[in-house]
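Now for the letters of each chain:
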Amino acid sequence: MAGPGTRSCSLSGLLPAQTSLEYALLDAVTQEEKKSLVYQYLQKVDGWEQDLLVPEFPEGLEWLNTEKPISVYKDLCGKVVIFDFFTYCCINCIHLLPDLHALEHTYSDKDGLLIVGVHSAKFPNEKVLDNIKSAVLRYNITHPVVNDADASLWQELEVSCWPTLVILGPRGNMLFSLIGEGHKDKLFLYISIALKYYKDRGQIRDNKIGIKLYKDSLPPSPLLFPGKVTVDHISKRLVIADTGHHRILVVWKNGQIQYSIGGPNPGRKDGIFSESAFNSPQGVAIMNNIIYVADTENHLIRKIDLEAQMVSTVAGIGIQGTDKEGGAKGEQQPISSPWDVGFGTSGLEVQRDDILWIAMAGTHQIWALLLDCGTLPKKNELKKGTCLRFAGSGNEENRNNAYPHKAGFAQPSGLSVASEEPWNCLFVADSESSTVRTVSLKDGAVKHLVGGERDPMNLFAFGDVDGVGISAKLQHPLGVTWDKKRSLLYVADSYNHKIKVVDPKTKSCTTLAGTGDASNISSSFTESTFNEPGGLCIGEQGQLLYVADTNNHQIKVMDLETKTVAVLPVLRSGNAVVDGPLLAEQKTVPKLPKSAPAIHLPPVAASPGQTLEFKLRLDLPSRTKLTEGVASCWFLTAEGSEWLLQGQTPSGEIESISNQPTISLQVPGDCLSPEAVVSISVFLYYCSADSSACMMKGILFSQPLQITSAQPGCSAPVELKYVF
């Protein structure tokens, strides 16, 4: 469609006009004023002599949820289109998805709106289509998604942040861009007026786009991403959080389903089992035919009465809360992303299970819900139904402290109670600090058990190392369960794909089962494999360990006496789906953005056998921080002189901007050329201080080498400096 009066351009071409619009919108009082301003803006932008056009999708890209590849200038003509530039691990991108879902429920492609997800990977593993397929399933993305593995569109348009929305008119002409999350009202305003404006001019077409949902091509499976599992110690039953199907299953231990509650679609509804609805439930706890559920994405605690066959809400208001103190009655108290629950006892009297402990991942705290009148350490008598913070300041930290409110957690995701002496504590799987911590039930003191490191601000001290205390390393553990019979703690070391065992007396942490490969083999403990196990529980008087093997969509049964692993054969149901296997991580070097600076360094003399060192000295923009959970990284290349890198470490991670790595390169003893150029590509992933938007900056350093036969000597590290 591009003709003589059009041009392809970057987002910067929109900036002056859209900035003026947004300032005017700040001064507007009524909704009618805002609509009028946006309409006038569109008249101005649509009247430009030259359209700001997006480039066509490159040929050969992989597509999901479509019958065939989509063309901007063939298939999208006559539509208002949203390009959602996202990457599946970005929490801000995930937070934006409900806004897009709501928009899709309001306007269809027949109304003239289409959303296209442009997946622009942050690091190489995210380029793998099967990994993107898993995310499309997990987050229920039903619009077309293109795997722009080389970030071609990202670079052409000079996108700089995840997420970024680019809104197009019916000629492929750029109209608006929105950066970061939290713009729902503005997004709806822009889309509604754009559809009206172009309908008034007869430019909207009601043709349908060929949608073919990926999930519809998959075989059925009874479970989808099960997050947690618990045992009913009175009857021979398990309770499973079938997270991906948004339901709770109660099954007999032979795998037969007794009750299926909620699902298969997300929702929020109390009432009888057949009408109730959950949204990605995680933690479950059962006692006396009552199940409590951490209804994570509804930000609620739900209660399931198996005798009355009714579901009710006991904590939360259904909207993500920011309160870090609490104290209101449960159903009036906002909470944030509860991830696990467990029973406990108030005071130090006889065991009566009158408290529900909550791992509140969203505010990085441990909370309590009073199931009866009772007390907590350093608290007066509390009324039944009170929901409040027990430990954790709310700051995302790995901070231990004798004062519970001064301690810091980092997305606590698993809980287990050891009420007997000498333990008398909560064990906590603190996922983002990669630690297991304890919280005293006597005074609330928070202590370290295994994993992590001493610096409370370092949330990157992860690994896969058996050891004692701080020398042991875990990676994003999501579950813990206490074995009272043996006085041992079992840990779902999720991102290491292992089950580990901790002796709290000696603080030793060792691998119990799993090779570390993300696959699906049930055999002996030493040969079995898991894929991101998220929860576990102990049953049969300590003989069996049940594991929610999340990404394998199964419940595994570990026999602690015979040291073997089996699969629980849950009865199939026809409304379930499961994604395909994940591929191994790709070790390709990502492309730098077009805007990335290229620094050419002065030549350095080097000798065969000499080790050169390059010290990174990069400064981020003010009021920003490295993105947690996403690895900033560096790569070594030597185009045309690949012999230079044989046996070298070609890449690495940047875990802290205050302690950047030194990159070593040993010149080979046999050099094939007296001259070579080594390139260091650096990718920094960072967020604004309020974490509302994620960004990436890249830079390329080119270092010429002049190789001489002189004896190798000591040389100062080459400093790679740049201020973004």
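Computed from a prediction, not measured in an experiment: that's the story for all the values here. (Residues numbered from 1 in each chain as written. Predicted model: local features only at pLDDT ≥ 70, side-chain atom pairs only at ≥ 80, totals over all residues. Heavy atoms only, no water.)

A.B. asks: Describe the overall build of the chain, listing the residues and the values that go with them.
C.D. replies: The helix and strand tally for the chain stands at six helices and 46 strands. Computed over its C-alpha atoms, the radius of gyration of the chain comes to 28 Å, within 12% of the 27 Å expected for a compact globule of 724 residues. Principal-axis analysis of the C-alpha atoms places the extent of the chain at approximately 80 × 80 × 50 Å. Burial analysis of the chain (724 residues in total) assigns 56% to the buried set. Of the contacts formed within the chain by residues at least 6 apart in sequence, a portion of 60% connects residues at least 24 apart. Carbon together with sulfur atoms contributes 50% to the accessible area of the chain, which is approximately 29900 Å² in total. (Helix = DSSP H or I, 4+ residues; strand = E, 2+ residues; numbered from the N terminus. Rg over C-alpha atoms; globule rule 2.2 N^0.38 Å. Buried < 20%, exposed > 50% of the residue type's maximum accessible area, 1.4 Å probe, protein only. Contact = heavy atoms within 4.5 Å. Areas by Shrake-Rupley, 256 points an atom, 1.4 Å probe, with all protein chains shown as cover.)

A.B. asks: Mind laying out the packing of helix H1 (residues 15-27) against helix H2 (residues 31-46), listing which residues take part and the relevant values?
C.D. replies: Between H1 and H2, the shortest axis-to-axis distance is 10 Å and the interhelical angle comes to 165°. Our classification of the angle between H1 and H2 gives roughly antiparallel. Pair H1 / H2 crosses with right-handed handedness. Residues Ala17, Gln18, Leu21, Ala24 and Leu25 of H1 lie in contact with H2, whose contacting residues are Lys34, Leu37, Val38, Tyr41 and Lys44. (Axes fitted to C-alpha atoms, helices over the stretch in contact; angles between N-to-C directions. Parallel < 35°, antiparallel > 145°, perpendicular 65-115°, else oblique. Left-handed = near helix turned anticlockwise from the far one by under 90°.)

A.B. asks: A description of the pattern of salt bridges should follow, citing residues and the corresponding values.
C.D. replies: Should the charged atoms of two oppositely charged side chains come close, the side chains can pair. With the rule as written, the count across this model stands at 22 salt bridges. Where Asp270 meets Arg302, a salt bridge forms, and the shortest distance between an N and an O atom there is 2.8 Å. With Asp270 in the loop between strand E13 (257-262) and strand E14 (271-272) and Arg302 in strand E17 (residues 300-305), this pair connects stretches of sequence that are 32 residues apart. For Arg302, a relative accessible area of 0% corresponds to the buried category. With its nearest N and O atoms 3.4 Å apart, the salt bridge here joins Glu421 to Lys442. On the criterion of sequence distance, the pair formed by Glu421 in the loop between strand E24 (412-418) and strand E25 (425-430) and Lys442 in the loop between strand E26 (435-440) and strand E27 (446-451) is long-range, its members being 21 residues apart. Relative accessible area serves as the criterion here: at 46%, Lys442 is assigned to the partly exposed category. Connected through salt bridges with shared partners, the residues Asp464, Asp493, Lys498 and Lys500 form a single ionic network. (Salt bridge = Lys/Arg side-chain N within 4 Å of Asp/Glu carboxyl O.)

A.B. asks: Explain H1 to me, using residue names and the numbers behind them.
C.D. replies: Helix length check: H1, at 13 residues, gives a terminal C-alpha distance of 19 Å against a target of 18 Å (1.5 Å per residue), a fit within 8%. Residues of H1 that are buried: Ala17, Gln18, Leu21 and Leu25. Take H1 and look down its axis: the buried residues cluster within an arc of 90°, on one side only. Of the exposed residues in H1, the ones pointing more than 90 degrees away from its buried face are Leu15, Pro16, Tyr23, Leu26 and Asp27. Residues of H1 that are buried make contact with H2, strand E9 (174-179) and helix H6 (184-200). (Expected span 1.5 Å × (residues − 1). Arc of directions from axis to C-beta.)

A.B. asks: Please set out the sheet that holds strand E46 (residues 718-723) residue by residue, giving values where relevant.
C.D. replies: Read from one edge of the open sheet, three strands run E43-E39-E46, paired in mixed fashion. The sheet is open, and its two borders are formed by strand E43 (662-666) and E46, each paired with just one other strand. Here the average twist between neighbouring strands, direction ignored, is 20°. The sheet contact formed by strand E39 (residues 611-619) and E46 spans six bridges and is parallel. (Pairing = 2+ DSSP bridges.)

A.B. asks: Hey, could you go over the pairing of E27 for me, with residue numbers and the actual values?
C.D. replies: For E27, the buried fraction is high: five of the six residues fall into the buried class. Pairing between E26 and E27: five bridges, direction antiparallel. In the sheet register, Thr438 faces E27, and the bridge partner there is Lys447. Linking E26 to E27, which pair antiparallel, is a turn of five residues; within it Gly444 sits at a positive phi near 80°.

A.B. asks: Tell me about unusual backbone geometry, and name the residues and values.
C.D. replies: Of note, the amide linkage connecting Gly263 to Pro264 takes the cis form, showing an omega dihedral of 0°. Structurally, Pro264 is set in the loop between E13 and E14. Pro422 follows Glu421 through a cis peptide bond whose omega is 5°. The backbone of His553 shows a phi angle near 60°, a positive value even though the residue is not glycine. Mapped onto the secondary structure, His553 falls in the loop between strand E34 (544-549) and strand E35 (554-559).

A.B. asks: Outline the sheet that holds strand E36 (residues 564-567), listing residues and values.
C.D. replies: Spatial ordering of the open sheet is given by E33-E34-E35-E36, a layout of four strands whose pairing is antiparallel. Edge positions in the sheet fall to strand E33 (535-539) and E36, since each has one partner strand and no second. Neighbour to neighbour, the strand axes of the sheet diverge by 25° on average, direction disregarded. Summarising the sheet, E34 and E35 pair through six bridges and their orientation is antiparallel. Within the sheet, the bridge partner assigned to Tyr546 lies in E35 and is Val557.

A.B. asks: Describe the packing of aromatic side chains, naming the residues involved and giving the relevant values.
C.D. replies: Tallied over the full model, the rule gives 15 aromatic pairs. Judged by centre distance (5.1 Å) and plane angle (25°), the rings of Tyr41 and Phe176 are stacked. Residue Tyr41 is located in helix H2, and its partner Phe176 is located in strand E9; the two are separated by 135 residues in the primary sequence. Judged by its relative accessible area of 5%, Tyr41 falls in the buried class. With relative accessibility at 0%, the residue Phe176 sits in the buried group. With 5.8 Å between their ring centres and 80° between their planes, Tyr292 and Phe343 make a pair best called edge-to-face. In this pair, Tyr292 is assigned in strand E16 (residues 290-295) and Phe343 in strand E20 (residues 338-344), connecting sequence segments 51 residues apart. Just as Tyr292 is buried, Phe343 falls in that class too. (Phe/Tyr/Trp six-rings, centres within 6.5 Å; stacked < 30°, edge-to-face > 60°.)

A.B. asks: Please set out the side chain of Thr435 residue by residue, giving values where relevant.
C.D. replies: Locating Thr435 in the fold gives a position in strand E26. Here Ser433 takes part through its side chain, which lies 2.7 Å from a polar atom of the side chain of Thr435. For Thr435, the contacting residues outside a window of four places in its chain are Asn398, Val428, Ala429, Asp430, Val450, Gly451, Gly452, Leu474 and Pro477. (Polar contact = N/O pair within 3.5 Å; in protein donor to acceptor, adjacent residues only side chain to side chain.)

A.B. asks: Describe H6, and please don't skip the residues or the numbers.
C.D. replies: In this model H6 runs 24 Å from its N-terminal to its C-terminal C-alpha over 17 residues, within 8% of the 24 Å that 1.5 Å per residue would give. Every buried residue belonging to H6 is among Leu187, Leu189, Tyr190, Ile191, Ile193, Ala194, Leu195, Tyr197 and Tyr198, and all of these are buried. Note on H6: the residue one or two positions beyond its end, Gly202, has a positive phi of about 70°.

A.B. asks: Got a sec to walk through the environment of Val128? Specific residues and values, please.
C.D. replies: Its location among the elements puts Val128 in the loop between strand E5 (113-119) and helix H4 (129-138). With a relative accessible area of 4%, Val128 lands in the buried category. Spatially, the C-alpha atoms of Val128 and Ser276 are 36 Å apart, while their sequence positions differ by 148 residues.

A.B. asks: Account for the environment of His364, with residues named and values stated.
C.D. replies: Tracing the backbone shows His364 in the loop between strand E21 (355-360) and strand E22 (365-370). Exposure remark for His364: the relative accessible area of 14% places this residue in the buried category. For His364, the contacting residues outside a window of four places in its chain are Gly392, Gly394, Asn395, Glu396, Phe409, Ala410, Gln411 and Pro412. A polar atom in the side chain of His364 sits 3.0 Å from the backbone nitrogen of Gln411.

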